[in-house]
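So you can see what is in the structure, the chains are spelled out below.
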Amino acid sequence: LSILSELERSAALLPVAEHVLAALALSALVEDERAQATSSHEPLERLRVLCERRPECAASVAGIAKELGYSSGYLSSLFRKKHGRPLKAWLDELRAESAAVQLTWADHSIAELSRRLGFPDPLTFSHFFRRVRRVSPRAWRESQRGVTTP
């Protein structure tokens, strides 16, 4: 009689045990997804911090990927997946914004500014700035400072 009651009690606990096991398995899956999401965004956080501290580092995807210890393909793919746009476009915008701020507020020559931002020469910087901002660096500086050229 006691064996029979023990079997009945065990049978009654079986659905509870199944639910507990299912909950544990689900919890493990959720935790694993969180860990993967955190680890996949960590390179992008490091990228953001690096570029905010040193805008000149945004000169090339390959250079910045190497500095962060990733391949350029991996970093570009991760960025596009999260932000829906190319990493290179974001880096160019970041560099152009830094240049625009410095053209407005700093008294560096355009040649010095181009060097500080990692351009090989002032002409390359001017072409870049004109492509991104649709105005030359000199014209930008003058318009922001309220200066007009005769």
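Definitions and cut-offs
- Residues numbered from 1 in each chain as written.
- Predicted model: local features only at pLDDT ≥ 70, side-chain atom pairs only at ≥ 80, totals over all residues.
- Heavy atoms only, no water.
- Helix = DSSP H or I, 4+ residues; strand = E, 2+ residues; numbered from the N terminus.
- Buried < 20%, exposed > 50% of the residue type's maximum accessible area, 1.4 Å probe, protein only.
- Contact = heavy atoms within 4.5 Å.
- Areas by Shrake-Rupley, 256 points an atom, 1.4 Å probe, with all protein chains shown as cover.
- Core = buried A, V, L, I, M, F, W, Y, C linked by side-chain atoms within 4.5 Å.
- Salt bridge = Lys/Arg side-chain N within 4 Å of Asp/Glu carboxyl O.
- Axes fitted to C-alpha atoms, helices over the stretch in contact; angles between N-to-C directions.
- Parallel < 35°, antiparallel > 145°, perpendicular 65-115°, else oblique.
- Left-handed = near helix turned anticlockwise from the far one by under 90°.
- Phe/Tyr/Trp six-rings, centres within 6.5 Å; stacked < 30°, edge-to-face > 60°.
- Lys NZ or Arg CZ within 6 Å of the ring centre and 35° of its normal.

Novice: Mind laying out the overall build of the protein, listing which residues take part and the relevant values?
Specialist: Looking only at helices and strands, the protein features seven helices and zero strands. Tracing the protein from N to C terminus, the helices and strands come up as α-α-α-α-α-α-α. The buried share of the protein, reckoned over its 150 residues, is 25%. Relative to all contacts within the protein whose residues are 6 or more apart in sequence, the contacts with residues 24 or more apart total 54%. Accessible surface, the protein as shown: approximately 10,100 Å² in total, 59% of it carbon and sulfur.

Novice: Can you lay out the nonpolar core for me, pointing to particular residues and giving the numbers?
Specialist: Core analysis: the biggest nonpolar cluster contains 14 residues, and Leu47, Ile64, Leu75, Leu87, Trp90 and Leu91 have the highest contact counts within it. Dropping the residues within four chain positions of it, Leu75 is found in contact with Pro43, Leu44, Leu47, Ile64, Ala65, Leu68, Tyr70 and Leu87. Listed in part, the eleven residues of the second largest apolar core include Ala99, Leu113, Leu117 and Phe128.

Novice: Give me the pattern of salt bridges: which residues, what numbers.
Specialist: Tallied over the full model, the rule gives ten salt bridges. Between Asp92 and Arg131 there is a salt bridge; the shortest N-O distance is 3.4 Å. Of this pair, Asp92 sits in helix α4 (residues 87-105) while Arg131 sits in helix α6 (residues 122-133); the two residues are 39 residues apart in sequence, bridging distant segments of the chain. Given the relative accessible area of 48%, Arg131 is considered partly exposed. It is possible to trace a salt-bridge network through shared partners that takes in Lys88, Asp92 and Arg131.

Novice: Run through the packing of α4 against helix α7 (residues 137-145), naming residues and quoting values.
Specialist: Two elements in contact, α4 and α7, have axes separated by 8 Å at closest approach and are oriented at 55 degrees. Viewed along their axes, α4 and α7 adopt a mutual orientation that is oblique. Read as a crossing pair, α4 and α7 show a hand that is right-handed. Contacts from Ala100, Gln102, Leu103, Thr104 and Trp105 of α4 reach α7 at Pro137, Trp140, Arg141, Gln144 and Arg145.

Novice: Give me the packing of aromatic side chains: which residues, what numbers.
Specialist: Within the structure shown, the criterion is met by six aromatic pairs. Ring centres 5.6 Å apart and planes at 35 degrees place the aromatic pair Tyr70 and Tyr74 in the tilted group. Tyr70 sits in the partly exposed class, given a relative accessible area of 22%. Ring geometry for Phe125 versus Phe129: centroids 5.9 Å apart, planes at 45 degrees, classification tilted. Of this pair, Phe125 and Phe129 both sit in helix α6, four residues apart, which is roughly one turn of the helix. Phe129 shares its class with Phe125; the two are buried. By way of ring pairs, the aromatic residues Phe119, Phe125, Phe128, Phe129 and Trp140 are connected into one cluster. Sitting over the ring of Phe119, Arg95 keeps its end group 3.6 Å from the ring centre.

Novice: So what's going on with unusual backbone geometry? Which residues, and what values?
Specialist: Phi is positive for Arg134, which is not a glycine, with a value near 65 degrees. Its location among the elements puts Arg134 in the loop between α6 and α7. Taking the relative accessible area as the measure of exposure, Arg134 reaches 72% and is therefore exposed.

Novice: Go over the environment of Phe129 with me, naming the residues and quoting the values.
Specialist: According to the relative accessible area criterion, Phe129 is buried, its value standing at 0%. The sequence separation of Phe129 and Trp140 amounts to eleven residues, and the corresponding C-alpha distance is 9.4 Å. Leaving out residues up to four positions away in the same chain, Phe129 has contacts with Ala96, Ala99, Ala100, Leu103, Arg134, Val135, Ser136, Pro137 and Trp140.

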